[in-house]
Amino acid sequence: MQSTCWVLEFSQAIYTDYLYEVKEVKVEILGTGCPKCMKLEAMVKNVIDNMGIDAQITHIHDIEEILSYDVMMTPALVVDGVVKSSGKLPSEADLRTYLQ
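What counts, and where the lines are drawn
Residues numbered from 1 in each chain as written. Predicted model: local features only at pLDDT ≥ 70, side-chain atom pairs only at ≥ 80, totals over all residues. Heavy atoms only, no water. Helix = DSSP H or I, 4+ residues; strand = E, 2+ residues; numbered from the N terminus. Buried < 20%, exposed > 50% of the residue type's maximum accessible area, 1.4 Å probe, protein only. Core = buried A, V, L, I, M, F, W, Y, C linked by side-chain atoms within 4.5 Å. Contact = heavy atoms within 4.5 Å. Pairing = 2+ DSSP bridges. Axes fitted to C-alpha atoms, helices over the stretch in contact; angles between N-to-C directions. Left-handed = near helix turned anticlockwise from the far one by under 90°. Nonpolar A, V, L, I, M, F, W, Y, C, P; charged D, E, K, R; others polar.

A. Here's a closer look at the overall build of the protein chain. Across its full length, the protein chain holds four helices and four strands. For the protein chain, the succession of helices and strands along the chain, N to C, is α-β-α-β-α-β-β-α. A total of 100 residues make up the protein chain; the buried ones form 28% of that total.

B. Layout of the nonpolar core. If you look at the biggest cluster of nonpolar residues, it comprises 14 residues, and the most contacted ones within it are V27, V44, L77, L95 and L99. Within the residue set of this core, elements represented by two or more residues are strand 1 (25–30), helix 2 (35–51), strand 3 (76–79) and helix 4 (92–99). Ranked by residues supplied to this core, first place goes to helix 2 with five residues. With near-sequence residues (within four places) excluded, V44 lies in contact with V27, I29, I57, L77 and L95.

C. Representation of the sheet that holds strand 4 (residues 82–86) within the structure. Across the sheet, four strands lie side by side as 2-1-3-4; this open sheet has mixed pairing. The sheet is open, and its two edges are formed by strand 2 (55–60) and strand 4, each paired on a single side. Across the sheet, the mean angle from the axis of one strand to that of its neighbour is 20 degrees, orientation sign disregarded. Note: strand 3 against strand 4, four bridges, orientation antiparallel. From the neighbouring strand, V79 faces strand 4, where its bridge partner is V82.

D. Expanded view of the packing of helix 2 against helix 4. Put simply, helix 2 and helix 4 touch, their axes get as near as 10 Å, and they point 65 degrees apart. Of the two possible hands of crossing, helix 2 and helix 4 adopt the one that is right-handed. Packed against helix 2, whose contacting residues are L40, M43, V44, N46, V47, I48 and M51, the element helix 4 presents E92, L95, R96 and L99 at the interface. Of the residues assigned to the contact of helix 2 with helix 4, the class counts are eight nonpolar, one polar and two charged.

E. Region of interest: unusual backbone geometry. Backbone torsion omega between T74 and P75 reads 5 degrees, so that peptide bond is classified as cis. When you line up the elements, P75 lands in the loop between helix 3 (63–67) and strand 3. For D70, which is not a glycine, the phi torsion comes out positive at approximately 60 degrees. Here D70 shows up in the loop between helix 3 and strand 3. Despite not being glycine, D80 shows a phi value in the positive range, around 50 degrees.

Here is the structure:
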């Protein structure tokens, strides 16, 4: 009977670890370095800090690499390989939605 309890406790511990597994978000800021691009990077960092998200942030300045995302206007925000915003500064509420 004790071994069954141990197995049950072990299973619950694994399930709890699964529920709380932290996924790192990959965030890319696309822009050549204009003031709006820099502002977007600062906004993203602020939202990530406030939400307590584990994220890797990269600022891509190379025009050819930016074009590889089919982005024609910057600043652009890419989250986990998906373009979420392009050509404007999204609101803080929008950033929270994109980063969840």
